Amino acid sequence: MQYKRILLKLSGEALMGDRQYGIDPKRLEEYAKEIKEVVEKGIQVAIVIGGGNIFRGVAGASNGMDRVQGDHMGMLATCINGLALQSALEDQDVHTRLQTALEIKEVAEPYIKRKAIRHLEKGRVVIFGAGTGNPYFTTDTAAVLRAIEINADAILKGTRVDGVYNADPEKDKNAVKFDSISFKDVITKGLKVMDMTAFTLSEENKLPIIIFDMNKVGNLMKLVSGEKIGTVVDV
Ligand code: GTP
């Protein structure tokens, strides 16, 4: 296995499947099965999930809502997704713990780094909810932050595109995919991997980012087994 401990970043939108809003139980089940396979190989898995399928703070702000208020709503949305993912994983007999950056003690454990690491060592999947617990930060930033804190080998960002391209592959047919690229080249070529706060935090801490298509069954397993899937961003 290529990695011992990974931080998997899942997008909230991906949970919608073919829906316009909310959570598609089929997609959730597919994800849970993919994650189970990897856990069974002995890989420690932590997860950060977005909330865009329910609410995005930035979208709220652009419609005149107070940004902080919107971001708080977005953080709660990630907790809803976290609970759904926890439930789907438990349906697959995967042991999990949900830890949230905002205290909702009746619903989930508060985020405690040392406890999270113990859970991982015991083979439990740890889902981190509520982002960083602060407005103005994305769940990508939360994912990088938690990955660094728990000393993950890499952050695996599951998206609907299969890597980083020199142009938008959904608009330009001639776009070429990078198998690997340095942090520096991402900046000089003006490519977008994550928002700058998340990206810089990753670069400063030499945390590799792997962008891959999470919606293709088997990809997660291939990736952790060392197959060249997606794009690796590294020093
Ligand atoms: P170890 O005993 O250290 O291996 O971990 P554990 O998570 O099994 O122990 P703990 O006694 O902390 O937790 C037992 C159960 O209670 C687990 O399902 C936890 O997720 C849950 N739990 C622990 N703390 C909290 C909390 O503050 N709020 C909520 N809602 N659940 C909690």
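Bear in mind that the values here come from a model prediction, so they are computed numbers and not experimental data.

Q: Tell me about the side chain of Asn219, residues and numbers included.
A: When you line up the elements, Asn219 lands in helix 8 (residues 219-224). Excluding anything up to four places from it in sequence, Asn219 contacts Glu34, Phe212, Asp213 and Ile229.

Q: Give a description of the sheet that holds strand 6 (residues 154-159) that names residues and reports values.
A: Taken in spatial order, the 9 strands make up an open sheet running 4-3-5-2-1-6-10-11-9, and their pairing is mixed. On the outer flanks of this sheet lie strand 4 (109-110) and strand 9 (180-182), each paired with one strand and no other. For strand 6 and strand 10 (residues 209-213), the ladder comprises 5 bridges, and the chain directions are parallel. For Gly158, the partnering residue across the bridge sits in strand 10 and is Phe212. On top of the sheet, helix 3 (residues 67-91) reaches strand 1 (5-10), strand 2 (44-49), strand 3 (96-100) and strand 5 (125-129); it is set at about 175 degrees to strand 3, its chief contact.

Q: Describe the packing of aromatic side chains, naming the residues involved and giving the relevant values.
A: Inspection of every chain in the model, using the stated rule, returns 2 aromatic pairs. Each ring, one from Tyr111 and one from Phe128, has its centre 5.4 Å from the other, and the planes form 85 degrees; the classification is edge-to-face. One end of the pair, Tyr111, is in the loop between strand 4 and helix 4 (113-121); the other, Phe128, is in strand 5, and 17 residues separate them in sequence. Among the residues examined, Tyr111 registers a relative accessible area of 18% and is labelled buried. On the basis of an interplanar angle of 65 degrees and a centroid distance of 5.3 Å, the ring pair of Phe183 and Phe199 is categorised as edge-to-face. Of this pair, Phe183 sits in helix 6 (residues 183-188) while Phe199 is found in helix 7 (residues 196-204), placing the two residues 16 residues apart along the sequence. Arg146 extends its terminal NZ or CZ atom over the ring of Tyr111, reaching a point 3.6 Å from the ring centre. Looking at Arg146, its charged tip hangs above the ring of Phe128, at a distance of 5.8 Å from the centre.

Q: Can you tell me about the site of the ligand, naming the residues and giving the values?
A: Arg97, Lys105, Glu106, Val107, Ala108, Glu109, Pro110, Lys115, His119, Lys122 and Arg124 make up every residue found near the ligand. A distance of 3.1 Å is found between an oxygen atom of the ligand and a side-chain nitrogen or oxygen belonging to Arg124. In isolation the ligand offers 620 Å² of accessible surface; the protein chains occlude 51% of this area. Contributing elements (two or more residues each) for the shell around the ligand: strand 4 and helix 4. Split into classes, the residues belonging to the shell around the ligand amount to 3 nonpolar, 1 polar and 7 charged.

Q: Outline the environment of Gly52, listing residues and values.
A: Within the secondary structure, Gly52 sits in the loop between strand 2 and helix 2 (57-62). Along the sequence, Gly52 and Val224 sit 172 residues apart, while their C-alpha atoms lie 26 Å from each other.

Q: Describe the pattern of salt bridges, naming the residues involved and giving the relevant values.
A: Charged atoms that come close allow side chains of opposite charge to pair. Following the criterion strictly, the structure yields 13 salt bridges and no others. For Asp140, the salt bridge identified is with Lys9, shortest N-O distance 2.7 Å. With Asp140 in helix 5 (residues 139-149) and Lys9 in strand 1, the pair connects residues that are 131 residues apart, well separated along the chain. Salt bridges here are not isolated pairs; linked through shared partners, they connect Lys9, Asp140 and Lys157.

So, how was this worked out
Residues numbered from 1 in each chain as written. Predicted model: local features only at pLDDT ≥ 70, side-chain atom pairs only at ≥ 80, totals over all residues. Heavy atoms only, no water. Helix = DSSP H or I, 4+ residues; strand = E, 2+ residues; numbered from the N terminus. Contact = heavy atoms within 4.5 Å. Pairing = 2+ DSSP bridges. Axes fitted to C-alpha atoms, helices over the stretch in contact; angles between N-to-C directions. Phe/Tyr/Trp six-rings, centres within 6.5 Å; stacked < 30°, edge-to-face > 60°. Buried < 20%, exposed > 50% of the residue type's maximum accessible area, 1.4 Å probe, protein only. Lys NZ or Arg CZ within 6 Å of the ring centre and 35° of its normal. Near = heavy atom within 4 Å. Polar contact = N/O pair within 3.5 Å; in protein donor to acceptor, adjacent residues only side chain to side chain. Areas by Shrake-Rupley, 256 points an atom, 1.4 Å probe, with all protein chains shown as cover. Nonpolar A, V, L, I, M, F, W, Y, C, P; charged D, E, K, R; others polar. Salt bridge = Lys/Arg side-chain N within 4 Å of Asp/Glu carboxyl O.

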